[in-house]
Amino acid sequence: MKNKNEQTNIEELIKKAMEMLEFSYAPYSNFHVGAALLGADNKIYTGCNIENASYPCGICAERTAMSKAISEGKKSFSKIAIAGSSDQICTPCGLCRQFMYEFAPDLTVLCSDDKGNFTEKKLNAFLPDGFGPESL
Ligand code: THU
């Protein structure tokens, strides 16, 4: 059973991730993604995917959100919500799994569809035996 604060956190993160779909720039894939990341400071950092005419230059919503936070000096995170613009629950891509593992191997990942239906898993379920700073 989750306490009330944690449940509020989860609902708010998913709502914020869905709100970010509006800012997603995805003219090539037409697949819009929003993310909302909860920092240890209890602040929420949001992001969206940003595509580019030179396709590999595009960045995912999760890395946008986490990069915003890191560039403000934050390196500790507890949860991220990811919302996709389709009726399928949007899971993080491989690059994002690795990127997030560097800073938050214990991250809780909430994956949602465009209606707010979601799953909750730990990052290590998406990236078992991850390679991180302690591996070097
Ligand atoms: N995308 C994300 O932003 N996050 C994910 O975890 C999955 C994929 C974006 C990248 C690209 O702009 C679009 O979705 C289609 O792959």
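Because the structure is predicted, anything quoted here is derived from the model rather than measured.

Novice: For this particular structure, what's the right way to read helix α1 (residues 4-19)?
Specialist: Residues spaced three or four apart along an α-helix point in a common direction, a consequence of the helix completing one turn every 3.6 residues. Taking 1.5 Å per residue, 16 residues should reach 22 Å; α1 reaches 22 Å between its end C-alpha atoms and fits that length. Restricting attention to buried positions, one finds in α1 the residues I10, L13, I14 and A17. One face of α1 carries all of its buried residues, which in axial projection span an arc of 95°. Residues of α1 that are exposed and point more than 90 degrees away from the buried face comprise K4, N5 and K15. Residues of α1 that are buried make contact with β1 (33-39), β2 (44-48), β3 (77-84), β4 (108-112) and β5 (118-122). For α1, the N-terminal capping position is held by N3, with its side-chain oxygen 3.1 Å away from the main-chain nitrogen of N5.

Novice: Can you help me understand helix α3 (residues 94-103) in this one?
Specialist: Within the span of α3, buried status applies to C96, R97, M100 and Y101. Projected onto a plane normal to the axis of α3, the buried residues spread over an arc of 135° and lie on a single side. Next to the buried residues of α3 lie α2 (61-70), β3 and α4 (123-126).

Novice: Teacher, can you tell me more about the pattern of salt bridges here?
Specialist: Pairs can form between side chains of opposite charge whenever their charged atoms are close. Taken as a whole and assessed by the stated rule, the structure comprises seven salt bridges. Residues K16 and E12 are paired through a salt bridge, measuring 3.4 Å at the closest nitrogen-oxygen approach. A residue pair is termed a helical-turn pair when its members lie 3 or 4 positions apart in one helix, as K16 and E12 do in helix α1 at four residues. Using a relative accessible area of 34% as the deciding quantity, one classes E12 as partly exposed.

Novice: Help me understand the sheet that holds β2 in this model?
Specialist: Across the sheet, which stays open at both edges, the five strands sit in the order β2-β1-β3-β4-β5 with mixed pairing between neighbours. Whereas interior strands pair on both sides, the edge strands pair on one side only; in this sheet they are β2 and β5. Averaged over all adjacent pairs, the angle separating strand axes in this sheet is 15°, with direction ignored. Judged from the seven bridges that link them, β1 and β3 form a sheet pairing that is antiparallel.

Novice: Quick question: what am I supposed to make of the pairing of β4 here?
Specialist: Looking along a regular strand, one sees the side chains alternate between the two faces of the sheet. Across the five residues of β4, five count as buried, placing the element largely inside the fold. Of the two faces of β4, the one lined by T108, L110 and S112 and the one lined by V109 and C111 are each fully buried. The sheet contact formed by β3 and β4 spans five bridges and is parallel. Of the residues in β4, the one forming a bridge with I82 is C111. The β-α-β motif built from β3, the intervening α3 and the parallel element β4 has right-handed crossover chirality. Two elements, β4 and β5, share five bridges in a ladder whose sense is antiparallel. Directly across from C111, in β5, lies its bridge partner T119. The hairpin turn running from β4 into β5, its antiparallel successor, is five residues long, and G116 in that turn takes a positive phi close to 90°.

How each quantity is defined
- The residue numbering used here restarts from 1 in each chain and proceeds along that chain's sequence as written.
- Residues qualify for local features only when their pLDDT is at least 70, as the model is predicted, and side-chain atom pairs are given and counted only at 80 or more; totals for whole chains, interfaces and linings, by contrast, use all residues.
- Think of the side-chain values as coming from all heavy atoms in the structure, minus any hydrogens and water.
- Numbering of helices and strands runs from the N terminus, with a helix taken as a DSSP run of H or I at least four residues long and a strand as a DSSP run of E at least two residues long.
- Multiplying 1.5 Å by the helix residue count minus one yields the expected span of that helix.
- Between buried and exposed lies partly exposed: a residue is buried under 20% and exposed over 50% of the maximum accessible area for its type, with that area taken using a 1.4 Å probe on protein chains only.
- An arc is given here, and it is the one of the directions from the helix axis to the C-beta atoms.
- Residue contacts follow a heavy-atom distance rule, with two residues in contact if any of their heavy atoms lie within 4.5 Å.
- Any pair of N or O atoms that falls within 3.5 Å is considered a polar contact. Within protein, one atom must be able to donate a hydrogen and the other to accept it, and sequence-neighbouring residues count only if both atoms are side-chain atoms.
- When a carboxyl oxygen of Asp or Glu lies within 4 Å of a side-chain nitrogen of Lys or Arg, that pair is called a salt bridge.
- Think of it this way: DSSP has to see at least two bridges between two strands before they count as a pair.
- Axes here refer to lines fitted to C-alpha atoms; in helices the fit is confined to the stretch in contact. Angles between the N-to-C directions go from 0 to 180 degrees.
- Handedness of a crossover is defined as follows: orient the strands so they point away from the viewer, and if the path from the first strand over the helix to the second runs clockwise, the crossover is right-handed.

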